[in-house]
Amino acid sequence: AQSVTQLGSHVSVSEGALVLLRCNYSSSVPPYLFWYVQYPNQGLQLLLKYTTGATLVKGINGFEAEFKKSETSFHLTKPSAHMSDAAEYFCAVALGGSARQLTFGSGTQLTVLP
Amino acid sequence: NAGVTQTPKFQVLKTGQSMTLQCAQDMNHEYMSWYRQDPGMGLRLIHYSVGAGITDQGEVPNGYNVSRSTTEDFPLRLLSAAPSQTSVYFCASSYLGVQYFGPGTRLTVT
């Protein structure tokens, strides 16, 4: 079985500051890892995913995440926050193969302050 | 392509009523799933289907039924609604490890 822990249900940053959203996972097999973003009153959109290969993954809107097996982490970062980044962010893990069944973290609400 | 569509967007039910949440996708994806989203709990898998005629339970299946007669459609049925089923429901289809979510249905059970 796999699980996901997102540290910090709410994170606030100033516009232009670094965004760091933390995600730790547990999995008995090499995981597939995902970050999804949810804007108010919308469904989830994929930001980025890690399956195999390069451990630093780049996604949309300037976000990236690094898979660190030794730390069982997959933290999401963005060098400079923009007001439009305000949303809820979900980390998710899936077992390998088709990665169809996702287990989600509880989410982190990102607020960007002017 | 419309992607994944869900109807209705909002619904209010009384305890004990039944209803069906509709989900359709036009991407010819074999895998579809239903999640519920509750504050502070992320998304939890209710039921999923790996193709027409095949369904299985997820993490929180109690109180919900599904069927999959076509590749396109994957309805979720609440047979006797309970206040604990007040939630936002998302349908998703999956291809090559990526899940595509619908816009959600906000359900309130009074």
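Higher on the page you've got the structure.
Residues numbered from 1 in each chain as written. Chains lettered and ligands numbered in written order. Predicted model: local features only at pLDDT ≥ 70, side-chain atom pairs only at ≥ 80, totals over all residues. Heavy atoms only, no water.

Describing the state of the cysteines
And step 1. Applying the stated rule across the entire model yields two disulfides over all chains.
And step 2. A:Cys23 shares a disulfide with A:Cys91; S-S distance 1.9 Å. Taking the sign of the S-S torsion, about -65° here, the bridge from A:Cys23 to A:Cys91 comes out left-handed. You can see A:Cys23 sitting in strand β3 (residues 19-26) and its partner A:Cys91 sitting in strand β9 (residues 87-94), a full 68 residues away along the chain. Note on accessibility: A:Cys23 and A:Cys91 belong to one class, buried.
And step 3. The disulfide that involves B:Cys23 links it to B:Cys91, with 1.8 Å between the sulfurs. Note on the B:Cys23 and B:Cys91 pair: the S-S dihedral is about -70°, so by sign convention the disulfide is left-handed. Remark: B:Cys91 occurs in strand β9 (residues 87-95) and B:Cys23 occurs in strand β3 (residues 19-25); sequence separation between them is 68 residues.
And step 4. Judged by relative accessible area, which is 2%, B:Cys23 ranks as buried. (Disulfide = S-S within 2.5 Å. Helix = DSSP H or I, 4+ residues; strand = E, 2+ residues; numbered from the N terminus. Buried < 20%, exposed > 50% of the residue type's maximum accessible area, 1.4 Å probe, protein only.)

Quick word on the side chain of A:Glu88
And step 1. Here A:Glu88 is to be found in strand β9.
And step 2. With no salt bridge to any partner, buried A:Glu88 finds its closest opposite charge in B:Arg106, at an N-O distance of 9.4 Å.
And step 3. Excluding residues within four positions of it along the chain, A:Glu88 makes contact with A:Tyr36, A:Val37, A:Gln38, A:Ser106, A:Gly107, A:Thr108, A:Gln109 and B:Gln37. (Lys, Arg positive; Asp, Glu negative; His and termini not counted. Salt bridge = Lys/Arg side-chain N within 4 Å of Asp/Glu carboxyl O. Contact = heavy atoms within 4.5 Å.)

Re the nonpolar core
All names here are of chain A.
And step 1. By size, the foremost hydrophobic cluster in this structure holds 27 residues, and its most contacted members are Trp35, Leu48, Leu76 and Tyr89.
And step 2. Taken together, the elements giving at least two residues each to this core come down to β2 (10-14), β3, β4 (32-38), β5 (44-50), β7 (64-68), β8 (73-78), β9 and β11 (108-113).
And step 3. Dropping the residues within four chain positions of it, Leu76 is found in contact with Val19, Leu20, Leu21, Trp35, Leu47, Leu48, Phe63, Glu64, Ala65 and Tyr89. (Core = buried A, V, L, I, M, F, W, Y, C linked by side-chain atoms within 4.5 Å.)

Here's the deal with the sheet that holds strand β7 (residues 64-66) of chain B
Residue and element names in this part refer to chain B.
And step 1. Judged by pairing direction, the sheet is antiparallel, and its four strands sit side by side in the order β1-β3-β8-β7 without closing on themselves. The sheet is open, and its two edges are formed by β1 (4-7) and β7, each paired on a single side. Neighbouring strand axes in the sheet, compared pairwise and without regard to direction, differ in orientation by 20° on average.
And step 2. Where β7 meets strand β8 (residues 76-78), three bridges bridge the pair, whose relative direction is antiparallel. Bridge pairing in β8 links Val66 to Leu76. (Pairing = 2+ DSSP bridges. Axes fitted to C-alpha atoms, helices over the stretch in contact; angles between N-to-C directions.)

Some words on the pattern of salt bridges
And step 1. Taken as a whole, this structure holds four salt bridges over all chains when the rule is applied.
And step 2. Among the ionic pairs, A:Lys78 bridges to A:Asp85, the shortest N-O distance being 2.8 Å. Pair check on accessibility: A:Lys78 and A:Asp85 agree, each one buried.
And step 3. Of the charged contacts, one joins B:Asp38 and B:Arg36 as a salt bridge, the two residues approaching to 2.8 Å between their closest N and O atoms. Neither residue differs from the other here; B:Asp38 and B:Arg36 are each classed as buried.
And step 4. Counted as one network, the salt bridges with shared partners bring together B:Arg36, B:Asp38 and B:Arg44.

Some words on a nonpolar patch on the surface
All names here are of chain B.
And step 1. Residues Tyr95, Leu96 and Tyr100 make up a contiguous nonpolar surface patch of about 350 Å² in total accessible area.
And step 2. Along the chain, the position of Tyr95 falls in strand β9.
And step 3. Residue Tyr95 is classed as partly exposed on the basis of its relative accessible area, which comes to 48%. (Patch = residues over 30% accessible without salt bridge, like charges linked within 9 Å, V, L, I, M, F, W, Y side chains within 5 Å. Areas by Shrake-Rupley, 256 points an atom, 1.4 Å probe, with all protein chains shown as cover.)

Let's talk about the interface of chain A and chain B
And step 1. Listed by partner, the interface residues are 19 residues for chain A and 21 residues for chain B.
And step 2. In total, chain A and chain B occlude about 1,500 Å² of area from one another, counting both sides; carbon and sulfur atoms represent 53% of this.
And step 3. Taken together, the links from chain A to chain B amount to zero salt bridges.
And step 4. Where chain A touches chain B, the interface holds three residue pairs in polar contact (both at pLDDT 80 or more).
And step 5. Residue classes in the side of chain A that touches chain B are distributed as eight nonpolar, eight polar and three charged. (Buried area = accessible area lost by both parts, 1.4 Å probe. Polar contact = N/O pair within 3.5 Å; in protein donor to acceptor, adjacent residues only side chain to side chain. Nonpolar A, V, L, I, M, F, W, Y, C, P; charged D, E, K, R; others polar.)

In short, geometric facts, not functional conclusions.
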